Amino acid sequence: MTTPSTPPSPAPAAKSPFSDRRLRTELSIVGIVAVLLLVVFPLLNAWGVVSNFQLQLWGKYLSYALLAISVDLLWGYTGLLSLGQGLFFALGGYMHGMYLMRMIGELGQYKMPIPDFLVFLGWTELPSFWKPFDSFAFAMLMVLLVPGLLAYGFGYLAFRSRIKGVYFSILTQALTYAAMTLFFRNNLLMGGNNGFTDFKFVLGHSLVDPEQGPATMRGLFIATGITLLLVYGLCRWLSTTKFGLVQRAIRDGENRVLFSGYASAHFKLFIFVLSALIAGIGGALYTPQAGIINPEEMKPANSLEAVVWVAVGGRGTLLGPILGAVGVNWLKSWATRAYPDLWLIILGGLFILVVLFLPGGLVSLPKRLAALWRKLRGGDKTPDTAPSPAPSATKS
């Protein structure tokens, strides 16, 4: 006699990442802020409520937010503290800057069809490697290729040699310092210490004309906001995939990842290249809005400052780096006008305060305040309402 076979129990339904209450709240905040930045803010500028200076300033903040996300992707999610992300940001800016310099045409100081600094150096014809930058598409390709290939070459050698922790940080800092020294040289034909400036047109639209310039700047501001939104969406999606789990596992215990059969070096190389691309795109958007790009952007101090943005905003989150980049740079704009000699002290003090008293960054503040409120009301029944500690610094 055969017993009737019992049907297999249905597999549990896969939990959607969007079922998480915290994630839904974060996406709602992102949606509201996106509408304010992409619709309301440009409209206020067009109506004269927000000045052109403020629009440009906030456009630079959003570009810095892309740099901060690239730092957080490495440091907060993978445990790799790179102190050279400013290099990839500047390289993206330089590639776009070469196109913008070509668009000046014969409107420069010397009325020559080549950039003024080349005339000053005695050149009468355009160097061959400058000629393809007449094309915007080629320049955008270089915005991706140059930072990406440099990150791939450096990352391949570093991760293949199992360089990690503080040694990786020091090497990335040395890389950006070496590049900065190289770009300061006039014989590199990249503008020397003055870099590129005096931009006039982008895609046929004037950047300086009193009538057309503000509209062009609004377009650049909106393009920067949309890019930031797309990069946020890409990183958020990546964090919910199996790749994101492996990424965080590398941060928390790389040896366990290796014992599980994953080639952690390949994962780290992919993330390093991706973060360089994001930083390069940020730099390309920054250059026309700042009106200048020079080797100062490659200073190791700039990369260190980006690390402070991430720490202040909240490492290992995606909203945190954006909040940190915008908040700290807004504070910098105010402090360098009100107390120009005290800015570095303010920045250092802010970093120490966050590390000591708010390790989760500004994004953890609402949770802490809610816990404090429950405690004051005497209704706190949960054993521990403090936010989970931030991931370890350079555990890789």
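Report on the accompanying structure. (Residues numbered from 1 in each chain as written. Predicted model: local features only at pLDDT ≥ 70, side-chain atom pairs only at ≥ 80, totals over all residues. Heavy atoms only, no water.)

On a plain count of helices and strands, the chain comes out with 13 helices and four strands. In summary, the chain has a C-alpha radius of gyration of 24 Å against a globular reference of 21 Å for 396 residues, a match within 12%. Each principal axis of the C-alpha distribution contributes one length, and for the chain these read about 95 × 50 × 50 Å. A buried classification covers 46% of the 396 residues belonging to the chain. In the chain, the share of contacts with a sequence separation of at least 24, taken over all contacts with a separation of at least 6, comes to 75%. With the model as given, the accessible surface of the chain reaches about 20400 Å², and the carbon-plus-sulfur share is 67%. (Helix = DSSP H or I, 4+ residues; strand = E, 2+ residues; numbered from the N terminus. Rg over C-alpha atoms; globule rule 2.2 N^0.38 Å. Buried < 20%, exposed > 50% of the residue type's maximum accessible area, 1.4 Å probe, protein only. Contact = heavy atoms within 4.5 Å. Areas by Shrake-Rupley, 256 points an atom, 1.4 Å probe, with all protein chains shown as cover.)

Time to look at the packing of helix α2 (residues 52-78) against helix α7 (residues 213-239). Two elements in contact, α2 and α7, have axes separated by 9 Å at closest approach and are oriented at 20°. What the angle tells us is that α2 and α7 run roughly parallel. In this structure, α2 meets α7 at a crossing whose hand is left-handed. Contacts between α2 and α7 pair Asn52, Leu55, Gln56, Trp58, Gly59, Leu62, Ser63, Ala65, Leu66, Ile69, Leu73 and Tyr77 from the former with Pro214, Met217, Arg218, Phe221, Thr224, Gly225, Thr227, Leu228, Val231, Cys235, Arg236 and Ser239 from the latter. Its residues assigned to classes, the contact of α2 with α7 shows 14 nonpolar, eight polar and two charged. (Axes fitted to C-alpha atoms, helices over the stretch in contact; angles between N-to-C directions. Parallel < 35°, antiparallel > 145°, perpendicular 65-115°, else oblique. Left-handed = near helix turned anticlockwise from the far one by under 90°. Nonpolar A, V, L, I, M, F, W, Y, C, P; charged D, E, K, R; others polar.)

Looking now at the packing of α2 against helix α9 (residues 264-290). Two elements in contact, α2 and α9, have axes whose closest approach is 8 Å; the angle formed by their N-to-C orientations is 170°. Judged by the angle between their axes, α2 and α9 are roughly antiparallel. Where α2 approaches α9, its residues Gln56, Gly59, Lys60, Ser63, Tyr64, Leu66, Leu67, Ser70, Leu73, Leu74 and Thr78 are matched on the opposing element by Lys268, Ile271, Phe272, Leu274, Ser275, Ile278, Ala279, Gly282, Leu285, Tyr286, Gln289 and Ala290. When grouped by side-chain class, the residues that make up the contact of α2 with α9 number 13 nonpolar, eight polar and two charged.

Next up on the list: helix α5 (residues 136-160). Taking 1.5 Å per residue as the helical rise, α5 with its 25 residues ought to reach 36 Å, and the 36 Å between its terminal C-alpha atoms agrees with that figure. Within the sequence span of α5, burial applies to Ala139, Met142, Val143, Pro147, Gly148, Ala151, Phe154, Gly155, Ala158 and Phe159. Buried-residue contacts for α5 involve α3 (85-102), α6 (165-183) and α9. Between the side-chain oxygen of the N-cap and the backbone nitrogen of alanine 137 there are 3.3 Å, and the N-cap of α5 in question is serine 135. (Expected span 1.5 Å × (residues − 1). Polar contact = N/O pair within 3.5 Å; in protein donor to acceptor, adjacent residues only side chain to side chain.)

Within the largest apolar cluster, 97 residues are counted, with the highest numbers of intra-cluster contacts made by Tyr94, Met95, Phe196, Phe272, Met298 and Trp309. In this view, methionine 95 contacts Phe133, Ala139, Met142, Val143, Val146 and Met190; residues no more than four positions away in its chain are not counted. (Core = buried A, V, L, I, M, F, W, Y, C linked by side-chain atoms within 4.5 Å.)

This part is about the packing of aromatic side chains. Across all of its chains, the model carries 26 aromatic pairs by this definition. Ring centres of phenylalanine 89 and tyrosine 286 lie 5.3 Å apart, and the angle between their planes is 55°; this geometry places the pair in the tilted category. One end of the pair, phenylalanine 89, is in helix α3; the other, tyrosine 286, is in helix α9, and 197 residues separate them in sequence. On the accessibility criterion, phenylalanine 89 (1% relative accessible area) is buried. With 5.9 Å between their ring centres and 55° between their planes, phenylalanine 117 and tryptophan 130 make a pair best called tilted. (Phe/Tyr/Trp six-rings, centres within 6.5 Å; stacked < 30°, edge-to-face > 60°.)

Tallying each qualifying case throughout the model produces seven salt bridges. Across the salt bridge formed by aspartate 198 and lysine 200, the nearest N and O atoms sit 3.2 Å from each other. According to the relative accessible area criterion, aspartate 198 is partly exposed, its value standing at 31%. According to the relative accessible area criterion, lysine 200 is buried, its value standing at 14%. Here glutamate 305 ties to lysine 332 by a salt bridge, and the two come within 3.2 Å at their closest N and O atoms. Of this pair, glutamate 305 sits in helix α10 (residues 300-313) while lysine 332 sits in helix α11 (residues 319-338); the two residues are 27 residues apart in sequence, bridging distant segments of the chain. Overall, glutamate 305 belongs to the buried group, its relative accessible area being 11%. (Salt bridge = Lys/Arg side-chain N within 4 Å of Asp/Glu carboxyl O.)

Right, let's get into the side chain of threonine 176. Assignment of secondary structure puts threonine 176 in helix α6. By relative accessible area, which is 0% here, threonine 176 ends up buried. Residues contacting threonine 176, with those up to four places away along its chain left out, are Leu83, Gly84, Leu87, Met298 and Pro300.

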